[in-house]
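# Tertiary structure, described
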Amino acid sequence: MTLLFGEKDQTKGTESVVRVDFATIAKTKTAPAIDAELSEWTSGWLYMTSAEQFMIEQGINNTLEGPQDLNGRIAAKWDEEYLYVAAEVNDNVFYLNTAPESMWQQDSIQIGVIYDPDEKLSPTTREELCLGMNNGVPTIYCHATANTNRSLGTDVEGCEYAIKTEGNSMRYELKIPWTSIMPNDRTKEENTLEIGKTLRFGFIINECDGAARKGWYCIGKDGIGGTKNSYNFVNMFIIGEQ
């Protein structure tokens, strides 16, 4: 598995991207403000700019015209209470005007996550969220959850999110409590993140220029857009404060 990892030089305002075969999720000292400004996210970005990361929708003769057509990046942090996620997508045509449960068919992002370091859970067990600026309104939809006390839909318990557009760029930011996404039939100890173990994390960018979904960018081996399989998510090593 090859990932595109980037860091930002705050003094020069530049970014560099290299190929790596692993990823990390660092504990944050300070919780980021959920405002979609992303100024607090200076490290840990995973990039989607390569044609090999784009999955064409089966049965449709679509092509990606390169990074100028679509590109994006994703980052995640954690603390004892929340998972934090930031994303930025650059798209020459944004199109999203549908029911919340169908946002995945148009321009949107999807996030998958499960804490299962000992691989005891079914590969289909996961938290799966879809976010988009749906007809001009920031919208979230939960397609799956490991917490059976929760319902699916637009009411995601304890989740706070923001989406902003600026030209051809769309920025996303969210936080969601671990208590909402962890399996509710496990002990508190089993649901507590442990440094040195892994969190399975999936992310895709859905691409639609106005008709049907053309395909999607993904990190790792997908696990969301094609088949629902969290074993294809990226294993992110949990590390301490950076």
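Residues numbered from 1 in each chain as written. Predicted model: local features only at pLDDT ≥ 70, side-chain atom pairs only at ≥ 80, totals over all residues. Heavy atoms only, no water.

Another point: the overall build of the protein chain. Looking only at helices and strands, the protein chain has one helix and 15 strands in total. For the protein chain, buried positions account for 52% of its 242 residues. If you take every contact in the protein chain between residues at least 6 apart in sequence, the share linking residues at least 24 apart comes to 66%. Counting only carbon and sulfur atoms, one obtains 46% of the accessible surface of the protein chain, whose full area is about 11200 Å². (Helix = DSSP H or I, 4+ residues; strand = E, 2+ residues; numbered from the N terminus. Buried < 20%, exposed > 50% of the residue type's maximum accessible area, 1.4 Å probe, protein only. Contact = heavy atoms within 4.5 Å. Areas by Shrake-Rupley, 256 points an atom, 1.4 Å probe, with all protein chains shown as cover.)

In this section: unusual backbone geometry. The phi torsion at A36 lies on the positive side, around 65 degrees, for a residue other than glycine. Among the secondary structure elements, A36 is positioned in the loop between β3 (23-27) and β4 (45-48). Among the residues examined, A36 registers a relative accessible area of 0% and is labelled buried.

This paragraph deals with the packing of aromatic side chains. All told, the structure shown has two aromatic pairs when counted by the stated rule. The interplanar angle of 45 degrees and the centroid separation of 5.9 Å between the aromatic rings of Y82 and Y84 together place this pair among those described as tilted. With a relative accessible area of 2%, Y84 lands in the buried category. Cation over ring: R73 sits above W45, and NZ or CZ is 3.9 Å from the ring centre. Between the NZ or CZ atom of K77 and the centre of the ring of W41, over which it lies, the distance is 4.3 Å. (Phe/Tyr/Trp six-rings, centres within 6.5 Å; stacked < 30°, edge-to-face > 60°. Lys NZ or Arg CZ within 6 Å of the ring centre and 35° of its normal.)

In this section: the nonpolar core. Counting residues in hydrophobic clusters, the biggest one holds 41 residues, and the most contacted among them are I74, L83, I109, L131, F201 and F203. Ignoring sequence-local partners within four residues, the contact set of I74 consists of G44, W45, L46, M48, V85, A86, A87, F201, F203 and I219. (Core = buried A, V, L, I, M, F, W, Y, C linked by side-chain atoms within 4.5 Å.)

The subject of this paragraph is the confidence of the model for the protein chain. The predicted model of the protein chain averages 84 in pLDDT, with 83% of residues at 70 or higher. A low-confidence stretch, residues 4-14 (pLDDT under 50), is modelled with 33 contacts involving residues beyond four sequence positions or located in other chains. A low-confidence stretch, residues 16-20 (pLDDT under 50), is modelled with 19 contacts involving residues beyond four sequence positions or located in other chains. (pLDDT = per-residue confidence, 0-100.)

Relative to the helices and strands, R126 is located in the loop between β8 (108-114) and β9 (127-134). Overall, R126 belongs to the buried group, its relative accessible area being 9%. Of the polar contacts made by the side chain of R126, one reaches the side chain of E128; its length is 2.8 Å. Not counting residues within four places of it along the chain, the set of residues in contact with R126 comprises V113, I114, A144, T145, A146, K228 and F233. (Polar contact = N/O pair within 3.5 Å; in protein donor to acceptor, adjacent residues only side chain to side chain.)

Position of E88 among the secondary structure elements: in strand β7 (residues 82-91). For E88, a relative accessible area of 18% puts it in the buried group. Polar side-chain contacts of E88 include one of 3.1 Å to the side chain of S169. Here E88 is in contact with L38, N71, G72, R73, S169, M170 and R171, once residues within four sequence places are set aside.

This brings us to the environment of G136. If you trace the backbone, G136 turns up in the loop between β9 and β10 (137-144). C-alpha of G136 to C-alpha of Y95: the two residues are 41 residues apart in sequence and 10.0 Å apart in space.

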